[in-house]
Each structure stands twice: as C-alpha cells, then as structure tokens.
Amino acid sequence: MSLDFLASERVQLKAQLLQHPLFSALQNQAQLCQFMQAHVFAVWDFMSLVKRLQREFCASELPWLPPQDPKAARLINEIVLGEESDADGQGGFISHFELYREAMRDIGADTQAIDAFVKDLQRGRPVLEALDAASVLPSVKQFTRLTLAIAQEGQLEEVLGFFFFGREAMIPNLFQNLLARWGIAEQEVPRLSYYLHRHIQLDHEEHGPAAEALIERFVGHDHDKRLRLEQAGVRAIKARIELWDGVLGSLS
C-alpha cells in the first residue's frame, strides 16, 4: 500500500471513530459505569506505550549514560511527567490511570476487575495470564493484548504510530465528542469531567505536539519507517473501533 492510500484510510477511519454510536448511547449513569469499567483497561495499557518510548529515548539502565537525543528525551519525559504525576485538581498530584479509577469510584462504577488485574501484576503474575483471568469483555482483552504486543515487540515507528495516531492525536476530539453526545450532565460526574477536560487540554496543547515532534525526529522522511508508522496508525484506530463496538454491544 502507498503512503497516500494509508493516510487517506487513516483519516476515514478517524472520522468513523469520532462518529461512533457508542457516544450517544451513553444516556444514564449505569451505562456510563459500564463504559468506564471497560475503558479503564485502555487507560492502563496506554502507559506501556509511554514507557516503551521513554526506554527508547532516555537512559533507563544502570550504569546511566546520557541520552543520544536530549531533545527527544525531554519530549518524552514531559509526557511521562503529565501521565504519571499530573495535577489532580485538588491541590495534589496523581497518575491519569489513578485519576480515572478515582472517577470510577466517584460515580459508583465497579472497579473490581481492574483492581484485581493490578493486584495480579503486583504479585508478579504474567500480564497476559492476568488479562486472561480478568472479568472484562472479550473486546477489551483483544484491544489490550494488541497494545501490549506493540509496546513490547513492535518496531519503534509502530509504537509511535499507536501512540500518536491511536491516542495523542485522537483523544482531544474523541473526548470532546463524548462530552457533546452523551446524555449525562457534567456536574453529576465531576472527577470524570475533570479527567476528560484535562486530557483534551494536555493532549491538544502539549502531548500531541510533543509526540508529533518525536515522529519527525525519528521517522523524518524515511519511506519505510513512514510506511510502518501509517500502517500502525490504521491498525490502532481499527482496534479502537472494535473496542467501542464491543462496549456498545454490552450496554444494558
């Protein structure tokens, strides 16, 4: 496939994702809870992409050595800072994953599945075993497995494709559409509302441009790398559509 074809397919898929019927299907708090119980795994697995990029661009082994590209190291470290220890809106700091779990508890969503999954990992259980044991939708497991596979085994340009096209370049519009189309008043879900607005702001103003700068520094005009980057972007958006399809089908 040509770069132009892949880029066009990616744009079409993005438009399809942004108009997904899942958003308007969330018409009450019970349905929002079901959504969050699935989506929290996508919040968690995002950090595997982030940490893979940090490992690639920063010195993470002992003994320490200076990074080969200090600008790239700065860009990814700024992203990590926000994702792992952002302002919590209450005078403290919190990871975005923990903020999301806090938002789940705030509206009464069941955190048992994600809590058990995290505890399994803390006890040293292999991640795929822990995921297989988790009481979540098959579409959630499929999405998470793919993210982990890319983060652990993908070429760097593929990780960047998932990270940028599947997350940072997508999330601001995705969350804006969610806020615009769901049937829930934001004041009823204050912690979730803060989480969504914070992501819209950070990803649009800081993390998205930083991720794009990383792509330009590493991929540049290398045709083969650009091709794999675009292929990964298409794959990432398709995976998100399949995740949303699965969640939509589960709503009661």
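The coordinates are above.
So, how was this worked out
- Residues numbered from 1 in each chain as written.
- Predicted model: local features only at pLDDT ≥ 70, side-chain atom pairs only at ≥ 80, totals over all residues.
- Heavy atoms only, no water.
- Axes fitted to C-alpha atoms, helices over the stretch in contact; angles between N-to-C directions.
- Helix = DSSP H or I, 4+ residues; strand = E, 2+ residues; numbered from the N terminus.
- Parallel < 35°, antiparallel > 145°, perpendicular 65-115°, else oblique.
- Left-handed = near helix turned anticlockwise from the far one by under 90°.
- Contact = heavy atoms within 4.5 Å.
- Nonpolar A, V, L, I, M, F, W, Y, C, P; charged D, E, K, R; others polar.
- Phe/Tyr/Trp six-rings, centres within 6.5 Å; stacked < 30°, edge-to-face > 60°.
- Buried < 20%, exposed > 50% of the residue type's maximum accessible area, 1.4 Å probe, protein only.
- Lys NZ or Arg CZ within 6 Å of the ring centre and 35° of its normal.

A. Main features of the packing of helix α8 (residues 138-153) against helix α12 (residues 223-250). For the pair α8 and α12, interaxial distance at closest approach is 8 Å and the crossing angle is 160°. With respect to α12, the element α8 is oriented roughly antiparallel. Between α8 and α12 lies a crossing whose hand is left-handed. Residues Ser139, Val140, Gln142, Phe143, Leu146 and Ile150 of α8 touch α12, and the partners they reach there are Arg235, Ala239, Arg240, Glu242, Leu243, Gly246 and Val247. Class assignment of the residues belonging to the contact of α8 with α12 gives a composition of 7 nonpolar, 3 polar and 3 charged.

B. Up close: the packing of aromatic side chains. Across all of its chains, the model carries 8 aromatic pairs by this definition. Judged by centre distance (4.9 Å) and plane angle (70°), the rings of Tyr100 and Tyr195 are edge-to-face. Separated by 95 residues along the polypeptide, Tyr100 in helix α5 (residues 96-107) and Tyr195 in helix α11 (residues 190-218) bring together distant segments of the chain. We classify Tyr195 as buried; its relative accessible area is 3%. Among the aromatic side chains, those forming a connected cluster through ring pairs are Phe41, Trp44 and Phe117. The ring of Phe165 carries Arg10 above its face, with NZ or CZ at 3.9 Å from the centroid. Its guanidinium or amino end placed over the ring of Phe218, Lys225 lies 3.9 Å from that ring's centre, counting from NZ or CZ.

C. Region of interest: the packing of helix α1 (residues 3-18) against α12. Interaxial distance between α1 and α12 falls to 9 Å at its minimum, and their mutual angle equals 20°. Viewed along their axes, α1 and α12 adopt a mutual orientation that is roughly parallel. In the crossing of α1 with α12, the sense of the turn from one axis to the other is left-handed. Along its contact with α1, which presents Leu3, Leu6, Ala7, Glu9, Arg10, Leu13, Lys14, Gln16 and Leu17, the element α12 presents His223, Arg226, Leu227, Glu230, Gln231, Val234, Ile237, Lys238, Arg240, Ile241 and Trp244. Residues that form the contact of α1 with α12 fall into these classes: 10 nonpolar, 3 polar and 7 charged.

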